[in-house]
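Architecture at a glance
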Amino acid sequence: MDQATPEFTIELAEHLPAMRAFAAGLSGSRVEGDELVQEASLRALTHHDKYMPGTNMRAWLLTIIRNCFYSQHRRQRRFVDRPDDSLDPAVEPDQEWRIRHGELLAALDELPSYHREALLLVVVHDLSYEEAALALDCSIGTIKSRVFRARTMLADALDTERPRLRQTRSSAEHAAL
């Protein structure tokens, strides 16, 4: 087995912040996210020969993280049922932004994983729809649909006012037409 080139490892290191953020978003924990990044980095270095130079390394690495996450979930379900690790704070935060942030994170956790992944890749990690489609191995239309639905579900969960896509007419307006 040959070693990864210095260019490969430098480019891998450049994507570590995005990898950490994506992994933390998937797992819901920075610690578990860091473990995912470590495992994904090891896999990337071990299988560096499978990466085609000139293609999107970030999408490739995020795909590895996603696969590691699902592999860990399958193993955990098979062996251990973990109790809920969430701790309720003794004192509720009084800043509105902190409360809203907590609500957002809780709403993100409630999204189906395929919607959450698409939203994180496109909105948080600023991947194009094409790059996200490559990372998640689906069509661009599917990514667009998942991101739209995830945004809608988040807005509904957070009960925010948002512009409606279509203006609905009242029955009186319909009758006038």
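Residues numbered from 1 in each chain as written. Predicted model: local features only at pLDDT ≥ 70, side-chain atom pairs only at ≥ 80, totals over all residues. Heavy atoms only, no water.

Quick look at the confidence of the model for the protein
- This prediction gives the protein a mean pLDDT of 81; 79% of its residues lie at or above 70.
- Of the regions scoring below 50 in pLDDT, residues 164–169 engages in 3 contacts with residues more than four places distant in sequence or in other chains. (pLDDT = per-residue confidence, 0-100. Contact = heavy atoms within 4.5 Å.)

Some details on the environment of Thr9
- Structurally, Thr9 can be placed in helix α1 (residues 6–14).
- Between the alpha carbons of Thr9 and His48 there is a distance of 9.3 Å; along the sequence they are 39 residues apart.
- Leave out the neighbours within four places in its chain, and Thr9 touches Ala4 and Leu45.
- A polar contact of 2.9 Å, which involves the side chain of Thr9, links it to the backbone oxygen of Pro6. (Helix = DSSP H or I, 4+ residues; strand = E, 2+ residues; numbered from the N terminus. Polar contact = N/O pair within 3.5 Å; in protein donor to acceptor, adjacent residues only side chain to side chain.)

Notes on helix α3 (residues 30–46)
- Its 17 residues place the ends of α3 24 Å apart at the C-alpha level, agreeing with the 24 Å of an ideal helix rising 1.5 Å per residue.
- Where α3 is concerned, the buried positions are Gly33, Leu36, Val37, Ala40, Ser41 and Ala44. Looking straight down α3, one finds its buried side chains confined to an arc of 135 degrees; they lie on one side. Seen from the buried face of α3, the exposed residues on the opposite side, beyond 90 degrees, are Val31, Gln38 and Leu42.
- Between the side-chain oxygen at the start of α3 and the backbone nitrogen of Val31 there is a gap of 3.3 Å, and the oxygen is on Ser29. (Expected span 1.5 Å × (residues − 1). Buried < 20%, exposed > 50% of the residue type's maximum accessible area, 1.4 Å probe, protein only. Arc of directions from axis to C-beta.)

A short note on the side chain of Arg66
- In this structure, Arg66 sits in helix α4 (residues 57–79).
- Exposure remark for Arg66: the relative accessible area of 17% places this residue in the buried category.
- Not counting residues within four places of it along the chain, the set of residues in contact with Arg66 comprises Phe22, Leu26, Glu117, Ala135 and Leu136.

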